[in-house]
Amino acid sequence: MICRNIHVENFRNIKEADVEFTPGVNILLGNNAQGKTNLLEAIYVTSLGRSFRAQADADMIKFGEESAYIKNSYSDSIRNMDISMRIFTGRKQKRIEHNRVKIGKMSEMVGAFKVVLFSPEHLSIVKAGPSERRAYLDVAISQIKPMYIKALQSYNQVLKERNSLIKSAEENRAGFDATIDIWSEQLATLSSQITDYRIKYLRLARSYIEKCFFDMTGDSERPSLRYVSSAGVDTENFDIDACRDRYRELYFSRHDREIGAGATLWGIHKDDIEIELNGKSARFYCSQGQQRSIALSMKLAEGEIIKDHFGGDYPVFLLDDVFSELDSKRREYLTQNILDKQVIVTCCEKLDIDDANVYTVENGKYIKV
């Protein structure tokens, strides 16, 4: 998959830009706060429908403007396509078109244009909290399984309704008793479905992560990833029906405990990935270099899985200032492994990569070198 051109208007500090990319390595070179990451963000939004750093759509719109516009012209091995998007201030939904056909929701478009984002924050995925590892799974799976994002959206809505009911239980116990089982049944079904997606993805990713880690380090140590359920579900011998039954048992019989806590205590919003290296917790026993090698392997594995199992094309790799955070050994490994892919990389200092397409970036302007 190739991003041929990105056209941007009134996005962050970019008044207007039209940037052409080549199939290989593309470098956005410049000082901090000039607009390098802003352009990566615009590309990312056309893939996932949301920013990787803004909480609200309005945060992406240039100050003083009412809307921002992005058009991504891309291609796979078969045809040329485009996604265009207008983002508004306030509560108005995005206006999205795919090949000039209006799309109702961005969730219908996730996975059409696939990307793998790697930023300095991802280097800490091993030692960070569970929410970072859940986010890693959610982004990776959403692009290859369209039903996953719909299940996740439904789960979040049902969880919100159930938590609201729990919080009101002490004042309205009769209302709680009358409706809690309806929400609990829905949440149990969605929890088991999402757990199934996540476990299957991790099983698929394991061999890719092990290979990347070995190739990078030459070490005989082996990383392993295991899904950990907050409900105590057996994830190694996973059975979706048993998972649903376990959640039903918890949601239907532990009401007083949840009322005391004021929230739903079990569910996929509390699950985690246990990452080990040779049987020991990578979070507590690995060096920083080992942790970063595992994190880099996890991100590179995303691209290999998309290529091998979901269409035959690599996604576009977006590397946001990661070279400055890696030591020479890992920089060399990453460089050698991006040459056969389309990569758009930001950096403050010039990278020694032959035949790279380079733009200098200054105050939201992109100048071809």
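Since this is a predicted model, take the numbers as computed values, not measurements. (Residues numbered from 1 in each chain as written. Predicted model: local features only at pLDDT ≥ 70, side-chain atom pairs only at ≥ 80, totals over all residues. Heavy atoms only, no water.)

Novice: I keep staring at the sheet that holds strand β5 (residues 80–88) and nothing clicks. Help me out?
Specialist: Hydrogen bonds between backbone groups are what pair the strands of a sheet, and the pairing can be parallel or antiparallel. Strand order in the open sheet formed by six strands is β2-β1-β4-β5-β6-β7, with antiparallel pairing between adjacent strands. Every other strand in the sheet has two partners, leaving β2 (14–20) and β7 (101–103) as the edge strands with one partner each. On average, adjacent strands in this sheet sit at an angle of 15° to one another, irrespective of strand direction. Here strand β4 (residues 67–75) pairs with β5 via nine bridges, running antiparallel. (Pairing = 2+ DSSP bridges. Helix = DSSP H or I, 4+ residues; strand = E, 2+ residues; numbered from the N terminus. Axes fitted to C-alpha atoms, helices over the stretch in contact; angles between N-to-C directions.)

Novice: It is not clear to me how the pattern of salt bridges should be interpreted in this structure. Could you clarify?
Specialist: Tallied over the entire structure, the rule returns 23 salt bridges. In this structure, R100 and D82 form a salt bridge, with 2.7 Å as the shortest nitrogen-oxygen distance. Note that R100 is positioned in the loop between β6 (95–98) and β7 and D82 in strand β5, a separation of 18 residues in sequence. Between D215 and K211 there is a salt bridge whose closest N-O contact spans 2.7 Å. Within this pair, D215 and its partner K211 are both found in helix α4 (residues 173–217), separated by four residues, close to a single helical turn. Given the relative accessible area of 54%, K211 is considered exposed. Residues joined by salt bridges that share partners form a network here, namely R12, E41 and R53. (Salt bridge = Lys/Arg side-chain N within 4 Å of Asp/Glu carboxyl O. Buried < 20%, exposed > 50% of the residue type's maximum accessible area, 1.4 Å probe, protein only.)

Novice: Before we go on, may I ask you to explain the packing of aromatic side chains in this structure?
Specialist: Aromatic rings in a pair are described by how distant their centres are and how their planes are angled relative to each other. Applying the stated criterion to the full structure yields six aromatic pairs. Ring geometry for Y136 and Y201: centres 6.5 Å apart, planes at 70°, overall edge-to-face. On the criterion of sequence distance, the pair formed by Y136 in helix α2 (residues 130–142) and Y201 in helix α4 is long-range, its members being 65 residues apart. Among the residues examined, Y136 registers a relative accessible area of 4% and is labelled buried. You can call Y201 buried: its relative accessible area is 5%. (Phe/Tyr/Trp six-rings, centres within 6.5 Å; stacked < 30°, edge-to-face > 60°.)

Novice: Help me out: how do you make sense of unusual backbone geometry in this one?
Specialist: Glycine aside, the phi torsion of most residues is negative, and most peptide linkages are trans. At N99, a residue that is not glycine, the phi angle is positive and equals roughly 50°. Along the polypeptide, N99 turns up in the loop between β6 and β7. Positive phi is not limited to glycine here, since N363 has a value of about 50°. Within the secondary structure, N363 sits in the loop between β14 (357–362) and β15 (365–368).

Novice: Honestly, empty space enclosed by the protein in this entry has me stumped. Any pointers?
Specialist: Gaps between atoms show up when a probe of the same size as a water molecule is rolled over them. Evaluation of the coordinates by the stated rule reveals one cavity of 30 Å³ or more. Taken as a whole, the largest cavity encloses approximately 40 Å³ of empty space. Lining of the largest cavity is provided by I199, L202, R203, R206, R226, Y227, T235 and E236. Listed by contribution, the elements that provide at least two residues to the lining of the largest cavity are α4 and β9 (223–228). (1 Å grid on protein atoms, 1.4 Å probe; cavity = no way out; pocket = protein on both sides within 12 Å on 5 of 7 lines; lining within 4 Å. Points joined across faces, edges and corners; volume = space filled by probe spheres on them.)

Novice: Would you explain the side chain of S293 in this entry?
Specialist: Within the secondary structure, S293 is located in helix α8 (residues 288–309). With residues near it in sequence (within four places) discarded, S293 still touches F213, M216, T217 and R330. (Contact = heavy atoms within 4.5 Å.)

Novice: I tried to follow the pairing of β5 on my own but got confused; where do I start?
Specialist: In terms of burial, β5 is largely enclosed, as seven of its nine residues are buried. Between β4 and the antiparallel strand that follows it, β5, lie four residues. In textbook terms, the turn of a hairpin is the stretch between consecutive antiparallel strands, and for β5 and β6 this stretch comprises six residues, one of which, G90, has a positive phi near 75°.

Novice: Explanation requested: the pairing of β4 in the structure shown.
Specialist: Of all the nine residues making up β4, eight are buried; the element is thus mostly covered by neighbouring parts of the structure. Bridge analysis of strand β1 (residues 2–11) against β4 gives seven bridges, and the strand direction is antiparallel. Bridged to I2 within β4 is S75.

Novice: I keep staring at the layout of surface pockets and nothing clicks. Help me out?
Specialist: When its volume is computed, the largest pocket comes out at roughly 830 Å³. What lines the largest pocket is a set of 39 residues, and nearest its centre among them are F52, R53, L117, H122 and E132. At the level of secondary structure, the elements contributing two or more residues to the lining of the largest pocket comprise α1 (36–48), β8 (115–118), α2, α3 (146–167) and α8. Counting residues per element, the lining of the largest pocket draws most heavily on α2, which supplies seven residues. Considered as a void within the structure, the second largest pocket measures approximately 660 Å³ in volume. If you trace the second largest pocket, you find 22 residues lining it, with G49, R50, K94, M106 and Q153 closest to the centre. Looking at the lining of the second largest pocket, the element that brings in the most residues is α3, giving four residues. Residue composition of the lining of the second largest pocket, by class: eight nonpolar, eight polar and six charged. (Nonpolar A, V, L, I, M, F, W, Y, C, P; charged D, E, K, R; others polar.)

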